[in-house]
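# Breakdown of the fold
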Amino acid sequence: MVTSTRVGAAPPLAARPGRYSRGRRPGKLIYLFLAAVLVASMFPLYWTFVVASNDNSVIGNTTPPLTPGGHLLDNIARVFDSSDFGVALTNSFLVATSVAVGNVFFASLAGFAFARLRFRGRNALLVLVISTMMVPTQLGIIPLYLLMTELGWTGRLQALIVPALVSAFGVFWMRQAVEETVPAELVEAARVDGCSLIRVFWHVALPAIRPAAAVLGLFTFMTAWNDFFWPLVVLNPENPTVQVALSVLASGYYTDYALMLTGATLGVLPVLVVFVLLARQIVGGIMQGAVKG
């Protein structure tokens, strides 16, 4: 049997010259572009480390230094002598960790409820939660401060942790993760087998949404770690967070760049450590659903 081919028909996509086919590696220009993006992304961190390891006399030269110096340990000692940086690191770590864990737990519960439970007013309540994302944070600072004053939490870490234990973004993020990774049939099957809702969430939903939870945990950790305005308002100067302590290092009659960027180097290290620990889950969460089949 002879198979005829229509004259003028376009060849298959995989057979067309100049087009990428499955298994074909990208060209050198793609790798050069990615390398340039990597260098541009890493240079600010490298420059911060270079300045932190030199003194101000070298930084003020006409030709700025491009290699690390030998004053890093001296600058670190000056950072801890100039401010309560040890207290600030401890406070920021406690606050950021508590807020990240709380957001992952409560947002996962709420996301599971919105995605797989049927109750009256579910859609209206979800819209109400999402609509809170449109309210600027600054509008709630005064009533929130008055509430912290009534509770006696001003100057204490509870004022930073409790209001941030769950967020509308986290609820929406985890709701979408449950919708995409936890089929309703699987939940129904577990319920038929006699699992309680808590066991369904813990043994069925939570393992499936773990990559998305890792991404949410990192984003929440970074947000709490980098928060400046609310800690500045509600905490005492003797009990600061990292960002407040960095503002103290940047104040004065002149800017000590070596001192300030040494503090910034110390302040960014915990975030890098958290990213390295969660890197595998984070990449899995970002790529989840990108490739199927």
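Everything numeric in this text was worked out from a predicted model, so none of it was measured. (Residues numbered from 1 in each chain as written. Predicted model: local features only at pLDDT ≥ 70, side-chain atom pairs only at ≥ 80, totals over all residues. Heavy atoms only, no water.)

## Let's talk about the overall build of the protein
In plain terms, the rule: In DSSP terms, a helix is any run of H or I states spanning at least four residues, a strand is any run of E spanning at least two, and both are numbered starting from the N terminus. Each residue's exposure class comes from its accessible area (1.4 Å probe, protein chains only) as a fraction of the maximum for that residue type: buried when under 20%, exposed when over 50%, partly exposed otherwise. Working rule for contacts: check all heavy atoms of both residues, and any pair within 4.5 Å makes them a contact. Values of accessible area rely on a 1.4 Å probe in the Shrake-Rupley scheme; residue burial ignores everything except the protein chains shown.
Within the protein one finds 15 helices and zero strands. Counting across all 293 residues of the protein, residues that qualify as buried make up 31%. Relative to all contacts within the protein whose residues are 6 or more apart in sequence, the contacts with residues 24 or more apart total 71%. On the protein, roughly 18,700 Å² of surface is accessible, and the fraction owed to carbon and sulfur atoms is 67%.

## Considerations on the pattern of salt bridges
Pairs can form between side chains of opposite charge once their charged atoms are near each other. This is how the line gets drawn: The salt bridge definition used is simple: a Lys or Arg side-chain nitrogen within 4 Å of an Asp or Glu carboxyl oxygen.
Here the structure, examined in full by the defined rule, presents three salt bridges. Here the residues in one salt-bridge network are Arg116, Arg175 and Glu179, joined through shared partners.

## So, the environment of methionine 260
In this structure, methionine 260 sits in helix H14 (residues 257-277). Sequence spacing of methionine 260 and valine 51 is 209 residues, and the spatial spacing of their C-alpha atoms is 9.3 Å. Setting aside residues up to four positions removed in sequence, methionine 260 forms contacts with Leu246, Ala250 and Thr255.

## Describing the packing of aromatic side chains
Quick note on the threshold: The pairing test for Phe, Tyr and Trp rings, Trp by its six-membered ring, is centres within 6.5 Å, and the orientation test on the planes gives stacked under 30 degrees, edge-to-face over 60, and tilted for anything in between.
Within the structure shown, the criterion is met by eight aromatic pairs. An angle of 15 degrees between the planes, with centres 6.5 Å apart, marks the rings of phenylalanine 43 and tryptophan 47 as stacked. Of the two residues, phenylalanine 43 and tryptophan 47 are both situated in helix H1 (residues 28-52); the distance of four residues between them amounts to about one turn of the helix. Residue classification places phenylalanine 43 among the partly exposed residues on the basis of a relative accessible area of 43%. Arranged with centres 5.8 Å apart and planes meeting at 15 degrees, the rings of phenylalanine 221 and tryptophan 225 form a pair that is stacked. Here tryptophan 225 and phenylalanine 221 lie together in helix H11 (residues 210-226), a separation of four residues that amounts to about one turn. Take phenylalanine 221 and tryptophan 225: they sit in the same class, and that class is buried. By the ring-pair criterion, three or more aromatic residues cluster together here, those being Phe169, Trp173 and Phe219.

## Concerning the confidence of the model for the protein
Note that predicted coordinates carrying low pLDDT should not be read in detail. The line we're drawing: Each residue gets a pLDDT score, which is the predictor's confidence in that residue and runs from 0 to 100.
On average, residues of the protein carry a pLDDT of 84, and 88% of them reach 70 or more. Helix H15 (residues 279-287) is the least confidently modelled element of the protein, averaging 68 in pLDDT, while helix H7 (residues 158-161) averages 94, the highest of any element. Scored below 50 in pLDDT, residues 1-7 shows zero contacts in the model against residues more than four places distant or in partner chains.

## What about the packing of helix H4 (residues 85-116) against helix H8 (residues 168-181)?
To keep it simple, the criterion reads: Every axis corresponds to a line fitted to the C-alpha atoms, with the helix fit spanning only the stretch in contact, and the corresponding angles, defined between N-to-C directions, vary from 0 to 180 degrees. Angular relationships are summarised with four words: roughly parallel below 35 degrees, roughly antiparallel beyond 145, roughly perpendicular across 65 to 115, and oblique for the angles in between. Crossings are assigned a handedness: left-handed for a near helix turned anticlockwise from the far helix by less than a right angle, right-handed for a clockwise turn. Ten residues, namely Ala, Val, Leu, Ile, Met, Phe, Trp, Tyr, Cys and Pro, are considered nonpolar, four, namely Asp, Glu, Lys and Arg, are considered charged, and the remaining ones, Gly among them, are considered polar.
Relative orientation of the contacting elements H4 and H8 amounts to 55 degrees, with a least axis distance of 7 Å. Between H4 and H8, the interaxial angle falls into the category oblique. Both H4 and H8 take part in a crossing whose hand is right-handed. The residues of H8 that touch H4, namely those facing Ala107, Ser108, Ala110, Gly111, Phe112, Phe114, Ala115 and Arg116, are Gly170, Val171, Met174, Arg175, Val178 and Glu179. By residue class, the composition of the contact of H4 with H8 is eight nonpolar, three polar and three charged.

## A closer look at the nonpolar core
Keep this limit in mind: Put simply, buried Ala, Val, Leu, Ile, Met, Phe, Trp, Tyr and Cys residues joined by side-chain atoms within 4.5 Å make one nonpolar core.
Phe112, Met174, Val178, Val182, Val200 and Ile209 are the most contacted members of the largest nonpolar core, which has 20 residues in total. Elements with a contribution of two residues or more to this core: H4, H8, helix H9 (184-192), helix H10 (197-208) and H11. Setting aside chain neighbours within four positions, we find phenylalanine 112 in contact with Leu117, Val178, Val187, Leu197, Val200, Phe201 and Ala205. Counting residues in each nonpolar core, the second largest holds 19 residues, with Val79, Phe85, Val274 and Ile282 among its members.

## Here we look at the environment of valine 99
Its place among the elements puts valine 99 in helix H4. With relative accessibility at 3%, the residue valine 99 sits in the buried group. Sequence separation between valine 99 and leucine 160 is 61 residues, and the spatial gap between their C-alpha atoms is 8.5 Å. Once you skip the residues sitting within four places of it in the chain, valine 99 turns out to touch Leu160, Ile161, Ala164, Leu165, Thr220 and Ala224.

## Looking at the side chain of threonine 48
Looking at the element boundaries, threonine 48 is found in helix H1. Leaving out residues up to four positions away in the same chain, threonine 48 has contacts with Leu261, Ala264 and Thr265.

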